[in-house]
Amino acid sequence: MRDVLSWSPHVGEIRMVVSSDVRGLGVGRALSQETFALALSIGRKSCSFQMTVDQTGAICDFRGALGFKAEALLHDHVRDLSGKKHDIVVLAHDVAKVRAQMEAYGLPDAVRPRA
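Remember, predicted model here, so these are calculated numbers, not experimental data. (Residues numbered from 1 in each chain as written. Predicted model: local features only at pLDDT ≥ 70, side-chain atom pairs only at ≥ 80, totals over all residues. Heavy atoms only, no water.)

**Student:** I keep staring at the pattern of salt bridges and nothing clicks. Help me out?
**Tutor:** Pairing between side chains of opposite charge can happen when the charged atoms of each approach one another. Per the stated rule, a full pass over the model turns up one salt bridge. A salt bridge links aspartate 61 to arginine 29; its shortest N-O distance comes to 2.7 Å. Taken as a pair, aspartate 61 in helix α2 (residues 56-64) and arginine 29 in helix α1 (residues 27-41) lie far apart in primary sequence, 32 residues in all. Of the residues examined, arginine 29 reaches a relative accessible area of 41% and is grouped as partly exposed. (Salt bridge = Lys/Arg side-chain N within 4 Å of Asp/Glu carboxyl O. Helix = DSSP H or I, 4+ residues; strand = E, 2+ residues; numbered from the N terminus. Buried < 20%, exposed > 50% of the residue type's maximum accessible area, 1.4 Å probe, protein only.)

Written out as structure tokens, the structure reads:
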């Protein structure tokens, strides 16, 4: 998601919900990898992702495989369907740095913004 009227139109925010009947099957990982590749290809400078702190598997995927870094912890920021409050972690990634590295390795077509 990108809001062109926001203060940060260069930042893409990844939003994803995975159905409970396919959780743990790698669907979220595949979606996040594809979304990150899309951010690279369309010229985003940065990406962010928010999730509840109990989503340890997803946090590990974003930090490990994709290289996101924890930027903030927001206490009691969201409520679930039963009304229980949860903390969320904000993860961010410098997409422009990855794009520059890929271009330095001679892979400019892999990260060329789409027209």
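On we go from here.
**Student:** Looking at this model, I keep getting lost on the packing of α1 against helix α3 (residues 95-104). Mind explaining?
**Tutor:** As a packed pair, α1 and α3 sit with axes 9 Å apart at the nearest point and diverge in direction by 75 degrees. One finds that α1 runs roughly perpendicular with respect to α3. Residues Phe36, Ala39 and Leu40 of α1 form the contact with α3, whose participating residues are Val95, Val98, Arg99 and Met102. (Axes fitted to C-alpha atoms, helices over the stretch in contact; angles between N-to-C directions. Parallel < 35°, antiparallel > 145°, perpendicular 65-115°, else oblique. Contact = heavy atoms within 4.5 Å.)

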